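# Breakdown of the fold
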Amino acid sequence: MFLKNRSYYKFIAFFIMFLCLFSCASKKSVLYFQDSNDVNLRRLKFTSSKIQANDIININVTALNPESVVPYNLKNNVTANSSLLDILRLQGYLVSQEGNIIFPVIGSLNVTGKTTSELEVYIKKLLIDGEHVVDPAVSVKILNFKFTVLGDVQKAGTFSVTENKVTVLQALGYAGDLTINGSRKDILILREIDGVQITKRIDLTSTDWFNSDFYYIKQNDVIVVNPNLNKIKSSGIMGSAGSVMSAISLLLTTILIVIR
């Protein structure tokens with residue numbers, strides 16, 4: 001009988017081996033920055049985030065005469081259990097929905113739409129022109145700089161950091177890196193600029209996005225790691241390749257029993 005033909009069993013064995021090889025993930029879909037050997041020196045582009053409503057900003061004024069700047073620096077009492085981030089937030093200004101803060105002595109200031117550097121220049125000019133402080137130095141930082149990472153990562157969530165210069169790679173590091181099911185070639189970044197939502201897709205297996213405006217994340221960016229093809233297939237009716245192979249094996253066994 002045909003079922004007893006050895007070539008038939010060889011065909012079945014090769015067919016199952018083919019399925020195994022087909023189901024294995026390719027290195028090209030897993031390894032990061034596969035063209036890194038071709039990359040030499042590259043100038044990275046960084047632009048400061050613009051201040052938005054609900055941001056908490058710290059403004060520190062210094063001068064040669066320390067007593068002259070005391071009225072312009074917030075000092076709040078903190079508890080022993082306060083974290084460093086809590087302490088910094090207590091020493092910051094919450095930007096209102098109208099985009100304003102109440103700055104000591106000077107009064108209401110509209111700060112939205114300005115970068116931290118632009119606000120530093122603006123406040124310094126106000127202090128000099130109003131003869132409040134002689135030769136002041138102004139430092140501005142966003143204290144509640146936050147971003148969200150969703151999708152196939154180890155630890156999805158919203159992260160708040162005191163550093164305002166964070167790359168996409170660092171942001172993914174905060175989320176524990178991608179899982180093996182996360183698509184390295186399909187990372188979606190959602191960003192709001194002047195009330196307009198824009199999107200960008202980047203490929204972590206390449207470095208061609210390093211000199212783009214999306215190498216560094218901005219305040220309130222959302223990073224979405226989409227699932228790879230294997231993960232998508234596993235959520236279907238047939239499930240993973242292993243499930244398919246099990247089903248085929250069961251079907252062949254049933255056929256052999258019935259024909260015998």
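These notes cover the structure that comes with them. (Residues numbered from 1 in each chain as written. Predicted model: local features only at pLDDT ≥ 70, side-chain atom pairs only at ≥ 80, totals over all residues. Heavy atoms only, no water.)

Sheet strands line up and pair through hydrogen bonds in the backbone, either parallel or antiparallel. With respect to topology, 3 strands assemble into an open sheet ordered β2-β1-β5, the strand pairing being antiparallel. Either end of the sheet is taken by a strand with one partner, and the two such strands are β2 (93-94) and β5 (137-142). As paired elements, strand β1 (residues 56-62) and β5 share 6 bridges and run antiparallel to each other. When the sheet's bridge partners are listed, I59 is paired in β5 with V140. (Pairing = 2+ DSSP bridges. Helix = DSSP H or I, 4+ residues; strand = E, 2+ residues; numbered from the N terminus.)

Moving on: the pattern of salt bridges. It is possible for side chains bearing opposite charge to pair when their charged atoms get close. Applying the stated criterion across every chain, the model contains 3 salt bridges. A salt bridge links K125 to D129, with the nearest nitrogen and oxygen atoms 2.6 Å apart. Here the residue K125 and the residue D129 both occupy positions in helix α3 (residues 116-129), the gap between them amounting to 4 residues, near one helical turn. One exposure class covers both K125 and D129, and it is exposed. Among the salt bridges present, the one from R191 reaches D221, with a minimum N-O distance of 2.7 Å. With a gap of 30 residues between them, R191 in strand β8 (residues 182-193) and D221 in the loop between β9 (196-202) and β10 (222-227) connect regions that are remote in the sequence. Comparing R191 with D221 shows no difference in burial state: the two are buried. (Salt bridge = Lys/Arg side-chain N within 4 Å of Asp/Glu carboxyl O. Buried < 20%, exposed > 50% of the residue type's maximum accessible area, 1.4 Å probe, protein only.)

We now examine the environment of I198. On the secondary structure map, I198 appears in strand β9. We classify I198 as partly exposed; its relative accessible area is 29%.

By the alternation rule, side chains of strand β3 (residues 100-103) split into I101 and F103, which are all buried, and N100 and I102, of which none is buried. Sheet topology places β3 next to strand β4 (residues 107-110); 4 bridges connect them, and they run antiparallel. Looking across to β4, one finds that N100 is bridged to N110. Here β3 folds back onto β4, and the loop between the two strands holds 3 residues, one of which, V105, carries a positive phi near 70 degrees.

Right, let's get into the packing of aromatic side chains. All told, the structure shown has 10 aromatic pairs when counted by the stated rule. An angle of 25 degrees between the planes, with centres 6.3 Å apart, marks the rings of Y72 and F103 as stacked. Placement of the pair is Y72 in the loop between β1 and α2 (84-90) and F103 in strand β3, with a sequence separation of 31 residues. F103 matches Y72 in its accessibility class, with the two residues each being buried. Measuring from ring centre to ring centre gives 5.0 Å for W209 and F210, while their planes differ by 85 degrees; the resulting arrangement is edge-to-face. The exposure class of W209 is buried, given its relative accessible area of 3%. When the ring centre of Y122 is taken as reference, the NZ or CZ atom of K114 above it lies at 4.9 Å. Across from the ring centre of F46, 5.1 Å away, lies the NZ or CZ of K165, which sits over that ring. (Phe/Tyr/Trp six-rings, centres within 6.5 Å; stacked < 30°, edge-to-face > 60°. Lys NZ or Arg CZ within 6 Å of the ring centre and 35° of its normal.)

In this section: the nonpolar core. Judged by nonpolar contacts, the single largest core of 43 residues is most densely connected at I57, I59, F147, L172 and I223. Excluding its chain neighbours within four sequence positions, the residues that come into contact with L172 are V149, V153, D177, L178, L204, I223 and V225. (Core = buried A, V, L, I, M, F, W, Y, C linked by side-chain atoms within 4.5 Å. Contact = heavy atoms within 4.5 Å.)

Along the polypeptide, P136 turns up in the loop between α3 and β5. Residues P136 and S68 lie 68 residues apart in sequence; the distance between their C-alpha atoms is 9.5 Å. Those residues in contact with P136 that lie beyond four places of it in its chain are V61, T62, A63, K124, L127 and I128.

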